[in-house]
Amino acid sequence: DAGVTQSPTHLIKTRGQQVTLRCSPKSGHDTVSWYQQALGQGPQFIFQYYEEEERQRGNFPDRFSGHQFPNYSSELNVNALLLGDSALYLCASSLGSRGGQPQHFGDGTRLSIL
Amino acid sequence: KNQVEQSPQSLIILEGKNCTLQCNYTVSPFSNLRWYKQDTGRGPVSLTIMTFSENTKSNGRYTATLDADTKQSSLHITASQLSDSASYICVVRGQTGANNLFFGTGTRLTVIP
């Protein structure tokens, strides 16, 4: 039973570029949440997808967008990358969108902006 | 102001010693509190979860306590091992909304031989 898988594991981009990160949820899960974790900090909520729609959003600009596919997998897109976007991006999956279910995290994508 | 505060920010202990990490929160209403272990370069992994009616929960050498009246939780690690070196994150779930998870900034634990 595969857990949450994310790809790629590491990525290096330059300022102004665009990036797409991918997440496959744990088997049986239908909800995907994305988090940004700066070095030495706790994860910050970006947004949550359920039934292919963005259900909740944290305090992130429109440069951050996402998508959920019919198979529940998800993508996080970031446009016009800034140096401050360098972080570990975590995906977490759960069953249902009401927040009562435990979240299982992937190992993240380490994004470095030069 | 962060609704979940953890202390200490970092901690170094000798292998075999015990330690206690603290988590204070202001999230209300409260649904549950979870402690995660996050190894360097990995995603967080759940250690324990407690609702407001539970005072203590153990998982091997990890024991979490919760005082819902004072809104405080602790994670006690017994007979530490080198593999316990990680960040320990306290996460509190509120009762409403999908974006109802509040993360602490973590305690960085280093166990030295």
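These notes cover the structure that comes with them.

Thresholds, definitions, all that
- Residues numbered from 1 in each chain as written.
- Chains lettered and ligands numbered in written order.
- Predicted model: local features only at pLDDT ≥ 70, side-chain atom pairs only at ≥ 80, totals over all residues.
- Heavy atoms only, no water.
- Salt bridge = Lys/Arg side-chain N within 4 Å of Asp/Glu carboxyl O.
- Helix = DSSP H or I, 4+ residues; strand = E, 2+ residues; numbered from the N terminus.
- Buried < 20%, exposed > 50% of the residue type's maximum accessible area, 1.4 Å probe, protein only.
- Pairing = 2+ DSSP bridges.
- Axes fitted to C-alpha atoms, helices over the stretch in contact; angles between N-to-C directions.

In this section: the pattern of salt bridges. When charged atoms on two side chains of opposite charge get close, those side chains can pair. Residues and elements named next belong to chain A. As enumerated under the stated definition, the model contains eight salt bridges over all chains in all. As a salt-bridge pair, E75 and R22 come within 3.4 Å of each other at their nearest N and O atoms. In this pair, E75 sits in strand 8 (residues 74-78) while R22 sits in strand 3 (residues 19-24), placing the two residues 53 residues apart along the sequence. Looking at E75, the relative accessible area reads 18%, which means it is buried. By relative accessible area, R22 is classed as partly exposed at 41%. Taking the shortest distance from any N to any O, the salt bridge between E51 and R55 comes out at 3.1 Å. When its relative accessible area of 51% is taken as the criterion, E51 is described as exposed.

Below, the discussion takes up the pairing of strand 11 (residues 107-112) of chain B. All names here are of chain B. By the alternation rule, side chains of strand 11 split into T107, L109 and V111, which are all buried, and R108, T110 and I112, of which none is buried. Pairing geometry for strand 9 (residues 86-94) and strand 11, over three bridges, is antiparallel. Looking across to strand 11, one finds that A86 is bridged to L109.

Residue and element names in this part refer to chain B. Pairing in this open sheet of five strands is antiparallel, and the strands run 1-3-8-7-6 from one edge to the other. Looking at the sheet topology across the chains shown, the edges are occupied by strand 1 (4-7) and strand 6 (56-59). When strand polarity is set aside, the average angle formed by the axes of neighbouring strands in this sheet is 15°. Alignment of strand 3 (residues 19-25) against strand 8 (residues 72-77), held across six bridges, turns out to be antiparallel. By the bridge assignment for strand 8, L21 is matched with L75.

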